[in-house]
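Each chain is listed here by its residues.
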Amino acid sequence: MSEAPTPRTMLEKIWSRHRIVEREDGQVLLFVDRHLVHDGTAPAFAALHRRGLAPRAPERITATPDHYVPTDHRDIAAIADPERRFMVESLVRDTARHGITMFGLTDRRQGIVHVIGPEEGLSQPGMIIVCADSHTSTHGAVGALAFGVGMTETTHVLAHQALWQRRPRTMRITVDGALGPGVVAKDVILAIIARIGTAGATGHVVEYAGGAIRGLSMEGRLTLCNMSIEAGARAGMVAPDDTTHAYLHGRPHAPQGADWEAALARWRALPSDADAVFDAEVRLDGAAIEPMVTWGTSPEDALPIGGVVPDPAGAADADRRAAMERALAYMGLTPGTRLAEIPVDRVFIGSCTNGRIEDLRAAAAIARGRTVAPQVEAWVVPGSGLVKEQAEAEGLDRVFRAAGFQWREAGCSMCLGTNGEIASPGQRCASTSNRNFVGRQGPGARTHLMGPAMAAAAAVTGRLCDVRRLAAGG
Amino acid sequence: MERFQRLDAVAVPIARPNVDTDQITPARFLHKPRSDDHGNYLFHDVRRRPDGTPDPGFVMNRPEYAGAQVIVAERNFACGSSRENAVWALYDHGFRAAIAPSFGDIFAANGLKNGLLPVRLPEDVVAGLIAALEAEPGARVQVDLEAQTVTLPDGSVHPFEIDPFSRHCLLNGVDELDYTGTLAPQIDAFMNRYGRENR
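Computed from a predicted structure; not experimentally measured.

S.K.: How should the overall build of chain A be read in this particular structure?
M.R.: Along its length, chain A carries 17 helices and 19 strands. If one aligns the C-alpha atoms of chain A with their principal axes, the spans along those axes are about 65 × 60 × 45 Å. Contacts in chain A between residues far apart in sequence, at least 24 positions, make up 75% of those at least 6 positions apart. Of the roughly 15,700 Å² of accessible surface on chain A, a fraction of 51% belongs to carbon and sulfur atoms. A gap of 1 Å separates the mean positions of the 50 positive and 53 negative side-chain charges of chain A.

Here is the structure:
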């Protein structure tokens, strides 16, 4: 009589299907299905060329410029800074040289690499996906193992379409119940990071589960998995289900016809087995999560919008107290101030975290019929050319423009400002991006992270604001 | 990659947890070519005052720590962005080892592939080391990769873990890329089979 097979997590299933060889020390050479490449990748191509090598599987690579592209025009030659222009030009040259599919600056499919992967159907359940960017964790939302790598590893993947890895530990984060009105995926992930900390999932791959996660749209799951790295996780993933399948069906690079049916059969076998054991378990009550904002300089410095700036005197230990004092000094905040009273100078709606159509719809619903506060400069930067096109077809651009928002072209933009689009020293920015680190949006710039409707609410009221108040017509 | 065997060097303490890679290398320097001295960008905005002059309050600017080759920090050092520039900045500035209770995963991997050895030691040992380095600026530590030990200024010896293959690569100054090239037939065979199974 044979024994029942050992129950396996989704990570274990994906891992074993991609194992090429295993070394004596336990590291595994993993096959990479999809390699996404952006305009920061020039050093990896240069390293490849120095060795006289070419990409092993160019058909598995897709490229688009996002980090260094301007969002006020689409002309590479007009990028003023020659070193930044070089990064974008290098991607054009390197991809042409090796026959790599590239969505260039004037292609309507150009956009942030983590937006276009799912959008094009390039990111599929069961795949291993890598990219030289820590937010590659985004693609785990479709049920893939997707993680960011450095430049040397990127060179390795270009050369061999494979990567040495030791299997990470597994963590399941279960969010039970239903989210309350006005509570979105961004609030869920900020609540998770506030709970477990920025190193809470270091060395782990997180699988998100539970009713609140099942209830998220694909866009919401992408937001959730995107910020897994902000909890230290190697990757985040959500088991594929009907929501995933419906999202992918008919997308340009998704399987078609008979291949689609075969793919569906494979994908349905991917979710973790019912009694699979995870190395760590975390559980949150979805109904208890409120709209969140960050007050400090780490994504774990997040609180419900109804709260106040915390007092370092109440910190658990001296280390934490010192970190809070430094954060408050940088942020120019006083303990006890109501978060919903903090005025803002800039608003940034976009990024690989919240630059998708659902995000723009949520922001536009708040902007509609309202006006950006006089002292505020507010930007909307769609995550891709196709997101922009869809938003324009729905008239969202007109809503934003009428309210006084700038409606811009696709790119990473103010999330990290590599293209030069930054806030000024001392400016306070309500941002839908993923990191509120010191200087992230420019030297001296102060970032408050939040969801897209909350950011739109900050734009029209001029201060951090509980979006539920506006949604209720207040 | 440069070989790493033994190191006897001044260590500089960064008495903070969660130092992110945006601090180590601000994003506006990410497009700088590898041929630049990225040491100039290391902790750029915290090392200097707004007028560009060195901030005497920043620990690395103290003369006793000049020539430091070991950086010691609290937990979750170099978390955040995957930018390998963070490793380049530390390496170009002269650092060859980083000691902390924990690291950002991607940073640790990048370090191993660039001759910057990440050494994980227990939180209380690191806390003691940081206190010792602050009390006696310019104190030295020894990192022995062959023996997988760190010797602190007080003479105590602490073992550390490292992947055997990464250790082999560092000790011999070889990189993974060439090694993987010897497995090309296995990669070919895998891809043929995988391609058939996953149309």
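Having seen the structure, we can now continue with the description.
S.K.: How do you make sense of helix α6 (residues 185-196) of chain A when you look at a structure like this?
M.R.: Residue and element names in this part refer to chain A. Look at α6: 17 Å from first C-alpha to last across 12 residues, which is about the 16 Å you get at 1.5 Å a residue. When you tally the buried positions in α6, you get nine out of 12 residues, the bulk of the element. Looking only at α6, the buried set comprises A185, K186, D187, V188, I189, L190, A191, I192 and I193.

S.K.: When you look at the domain arrangement of chain A in this model, what are you seeing that I'm missing?
M.R.: You'll often see interface size given as the accessible area lost when the parts meet. All names here are of chain A. With domains assigned, chain A is organised as domain 1 (10-165) and domain 2 (296-471). Once you take the C-alpha centre of each, domain 1 and domain 2 turn out to be 28 Å apart. Taken together, the contact pairs 23 residues of domain 1 with 26 residues of domain 2. In this assembly, domain 1 packs against domain 2 so that about 1,900 Å² is buried in total across both faces, 55% of it on carbon and sulfur atoms. Looking only at domain 1, the three residues that lose the most surface to domain 2 are T71, R108 and I112, adding up to 34% of its buried area. Between the two partners, domain 1 and domain 2, sit one salt bridge.

S.K.: Explain the pattern of salt bridges to me, please; I cannot follow it from the model alone.
M.R.: If the charged atoms of two oppositely charged side chains come close together, the side chains can form a pair. Under the criterion given, the structure shown has 43 salt bridges over all chains. Residues R166 of chain A and D163 of chain B are paired through a salt bridge, measuring 2.3 Å at the closest nitrogen-oxygen approach. In this pair, R166 of chain A is assigned in the loop between β8 (162-165) and β9 (169-176) and D163 of chain B in the loop between β7 (157-159) and α6 (164-172), connecting two distinct chains. For R166 of chain A, a relative accessible area of 37% gives the class partly exposed. The shortest N-O distance in the salt bridge between D45 of chain B and R28 of chain B comes to 2.7 Å. Residue D45 of chain B is located in helix α2 (residues 44-47), and its partner R28 of chain B is located in the loop between α1 (21-24) and α2; the two are separated by 17 residues in the primary sequence. The class of R28 of chain B is partly exposed, set by a relative accessible area of 27%. A network of salt bridges, in which partner residues are shared, links R23, D25 and E153 of chain A together with K113 and E176 of chain B.

S.K.: Which parts of the structure should I look at to understand the pairing of strand β18 (residues 428-431) of chain A?
M.R.: Where a strand is regular, its side chains alternate between the two sheet faces. Residue and element names in this part refer to chain A. Of the two faces of β18, the one lined by R428 and A430 and the one lined by C429 and S431 are each fully buried. Of the strand pairs in this sheet, strand β15 (residues 346-349) and β18 are connected by three bridges, and their pairing is parallel. Bridge assignment links V347 to a residue of β18, and that residue is A430. For β18 and strand β19 (residues 446-449), the ladder comprises four bridges, and the chain directions are parallel. Its bridge partner being in β19, C429 is matched across the sheet by T447.

S.K.: It is not clear to me how the pairing of β15 of chain A should be interpreted in this structure. Could you clarify?
M.R.: Residues and elements named next belong to chain A. The side-chain alternation of β15 yields two buried faces, one formed by R346 and F348 and the other by V347 and I349. In terms of strand pairing, β15 meets strand β16 (residues 377-380) through four bridges, oriented parallel. Paired with R346 across the strands is E377, a residue of β16.

S.K.: What should I look at first to understand the packing of helix α13 (residues 357-367) of chain A against helix α16 (residues 452-461) of chain A in this one?
M.R.: When two helices pack together, their arrangement is captured by the angle between the axes and the distance separating the axes. All names here are of chain A. At a minimum axis distance of 8 Å, the contact between α13 and α16 shows a crossing angle of 30°. Comparing their axes, α16 and α13 come out roughly parallel. When the axes of α13 and α16 are compared, the crossing they make is right-handed. In contact with D359, A362, A363 and I366 of α13, α16 contributes P452, A453, A456, A457 and V460. Considering only residue class, the contact of α13 with α16 consists of eight nonpolar, no polar and one charged.

S.K.: Can you walk me through the interface of chain B and chain A in this structure?
M.R.: Contacts between chain B and chain A engage 50 residues on the former and 56 residues on the latter. Here chain B meets chain A over a buried area of about 4,500 Å², counting both sides, of which 54% is carbon and sulfur. When the buried surface of chain B facing chain A is broken down by residue, H31, L177 and Y194 of chain B rank first, second and third, together holding 15% of it. Between E176 of chain B and R23 of chain A there is a salt bridge, and its shortest N-O distance comes to 4.0 Å. Applying the counting criterion to the chain B and chain A interface returns 26 residue pairs in polar contact (both at pLDDT 80 or more). The set of elements that each furnish at least two residues to the side of chain B that touches chain A consists of α1, α4 (105-112), α6, α7 (176-181) and α8 (184-197) of chain B. It is α8 of chain B that provides the largest number of residues to the side of chain B that touches chain A, a total of seven residues.

S.K.: I'm lost on the sheet that holds strand β4 (residues 61-63) of chain A in this one. Help?
M.R.: Hydrogen bonds between backbone atoms are what pair the strands of a sheet, whose relative direction is either parallel or antiparallel. All names here are of chain A. Taking strand neighbours across the sheet as the criterion, the five strands line up as β5-β4-β3-β6-β7 in an open arrangement whose pairing is parallel. Here the strands that pair on one side only, and so sit at the sheet edges, are β5 (101-102) and β7 (145-148). Judged from the three bridges that link them, strand β3 (residues 34-37) and strand β6 (residues 128-131) form a sheet pairing that is parallel. By the bridge assignment for β6, L36 is matched with C131.

S.K.: Looking at this structure, I do not really get the side chain of N354 of chain A. What am I missing?
M.R.: All names here are of chain A. Considering the arrangement of structural elements, one finds N354 in helix α12 (residues 351-354). In terms of polar contacts, N354 uses its side chain to reach the side chain of K186, at 2.9 Å. Of the polar contacts made by the side chain of N354, one reaches the side chain of D359; its length is 3.0 Å. Beyond its immediate stretch of four places on either side in the chain, N354 contacts K186, T223, D359, T432, M450, G451 and P452.

S.K.: When you look at the environment of E83 of chain A in this model, what are you seeing that I'm missing?
M.R.: Among the secondary structure elements, E83 of chain A is positioned in helix α3 (residues 82-98). Owing to a relative accessible area of 28%, E83 of chain A belongs among the partly exposed residues under this scheme. It is 9.7 Å that separates the C-alpha atoms of E83 of chain A and Y68 of chain A, two residues lying 15 residues apart in sequence. Those residues in contact with E83 of chain A that sit more than four places away from it in its chain are H31, K32 and P33 of chain B. Side chain to side chain, E83 of chain A and H31 of chain B meet in a polar contact 3.3 Å long.

Analysis parameters
- Residues numbered from 1 in each chain as written.
- Chains lettered and ligands numbered in written order.
- Predicted model: local features only at pLDDT ≥ 70, side-chain atom pairs only at ≥ 80, totals over all residues.
- Heavy atoms only, no water.
- Helix = DSSP H or I, 4+ residues; strand = E, 2+ residues; numbered from the N terminus.
- Contact = heavy atoms within 4.5 Å.
- Areas by Shrake-Rupley, 256 points an atom, 1.4 Å probe, with all protein chains shown as cover.
- Lys, Arg positive; Asp, Glu negative; His and termini not counted.
- Charge placed at Lys NZ, Arg CZ, Asp CG, Glu CD.
- Expected span 1.5 Å × (residues − 1).
- Buried < 20%, exposed > 50% of the residue type's maximum accessible area, 1.4 Å probe, protein only.
- Domains from an automatic or database assignment.
- Buried area = accessible area lost by both parts, 1.4 Å probe.
- Salt bridge = Lys/Arg side-chain N within 4 Å of Asp/Glu carboxyl O.
- Pairing = 2+ DSSP bridges.
- Axes fitted to C-alpha atoms, helices over the stretch in contact; angles between N-to-C directions.
- Parallel < 35°, antiparallel > 145°, perpendicular 65-115°, else oblique.
- Left-handed = near helix turned anticlockwise from the far one by under 90°.
- Nonpolar A, V, L, I, M, F, W, Y, C, P; charged D, E, K, R; others polar.
- Polar contact = N/O pair within 3.5 Å; in protein donor to acceptor, adjacent residues only side chain to side chain.

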